[in-house]
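These are the residues of each chain, in order.
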Amino acid sequence: MSNELIMILSIGFAGIATGLGALPILVTERISRKTMDVLLGFAAGIMLAATSFSLILPSIEAGGSDLQAVLVTCAGILVGGAFLDFMDKHSPHIHLVDQRAEGGDPASMKKIWLFVIAIALHNFPEGLATGVGFGTGDVSGGMTIAVGIGIQNLPEGLAVALALRRENYSRLFALGVATLTGLIEPIGAVLGLLLIQMFQPLIGFILALAAGAMLFVISDEIIPETHSGGYEREATYGILFGFVVMLILDILLG
């Protein structure tokens, strides 16, 4: 199988995984808050491991692993986090689990679009990370990120579908929207690939930029949502299990 086909299939899997994760909505809505928090915690653990092993470490290695490389990586992480912070503040959206509204004037927008914007804010840095991973030329590393991102998208897709059902949208509509929200990831992946190709000397910074964006999503969005329903300990074990699963994937695929 060619490297190009592996890349396309991997990015495609990550993109459609939100729809695959939403499939249970067709047969049941009886998913407890505890289960959802554990699943989202698992997703956060995978994202955290992918950020650490597939973005931050390669960023440092790309710069030669000296002090200057570390400083470039640190700068990229901070810029990536600041970029997501800016997007978060200026994009009205609603949190998937606890239904808190943030940014702009969400009262003037239909909740469906608030959900779409919320999941897009989650998925864009993930797509960016996938594209950057493949853009370095390390196909196995890019595939590791894509597979990990795809796995963690499964519970996120289910969370989107459940949130839409709570707003009385039909099951098929909820499944369709969850599937469509995953399309932001291939867009982010293409952008990541272009960034690497256009700014090859800045590869370490760009890797760290994607890492900072991912870290912002984990800390600002996912973990607070999983710790707001009374199941903090269970969600924490979900994070640990997700981290371990991604570590194993990184070793097996990378």
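Being a predicted model, the structure only gives us computed values, none of them experimental. (Residues numbered from 1 in each chain as written. Predicted model: local features only at pLDDT ≥ 70, side-chain atom pairs only at ≥ 80, totals over all residues. Heavy atoms only, no water.)

**Student:** If you had to explain the packing of aromatic side chains to someone new, which residues and values would you point to?
**Tutor:** All told, the structure shown has 3 aromatic pairs when counted by the stated rule. With a centroid separation of 5.7 Å and 35° between ring planes, the pair formed by Phe 42 and Phe 241 is classed as tilted. With Phe 42 in helix α2 (residues 33-62) and Phe 241 in helix α9 (residues 232-253), this residue pair connects regions lying 199 residues apart in the sequence. Look at Phe 241 and you get exposed, because its relative accessible area is 53%. Seen from their ring centres, Tyr 169 and Phe 173 are 5.0 Å apart, and the 20° between their planes marks the pair as stacked. Of the residues examined, Tyr 169 reaches a relative accessible area of 23% and is grouped as partly exposed. A relative accessible area of 37% places Phe 173 in the partly exposed class. (Phe/Tyr/Trp six-rings, centres within 6.5 Å; stacked < 30°, edge-to-face > 60°. Helix = DSSP H or I, 4+ residues; strand = E, 2+ residues; numbered from the N terminus. Buried < 20%, exposed > 50% of the residue type's maximum accessible area, 1.4 Å probe, protein only.)

**Student:** With reference to specific residues and values, describe the pattern of salt bridges.
**Tutor:** Under the counting rule described, the total for this entry stands at 2 salt bridges. Salt-bridge contacts for Asp 37 lead to Arg 33; the nearest nitrogen and oxygen are separated by 3.0 Å. Within this pair, Asp 37 and its partner Arg 33 are both found in helix α2, separated by 4 residues, close to a single helical turn. Residue Lys 34 pairs with Glu 234 through a salt bridge whose shortest N-O separation is 4.0 Å. Taken as a pair, Lys 34 in helix α2 and Glu 234 in helix α9 lie far apart in primary sequence, 200 residues in all. (Salt bridge = Lys/Arg side-chain N within 4 Å of Asp/Glu carboxyl O.)

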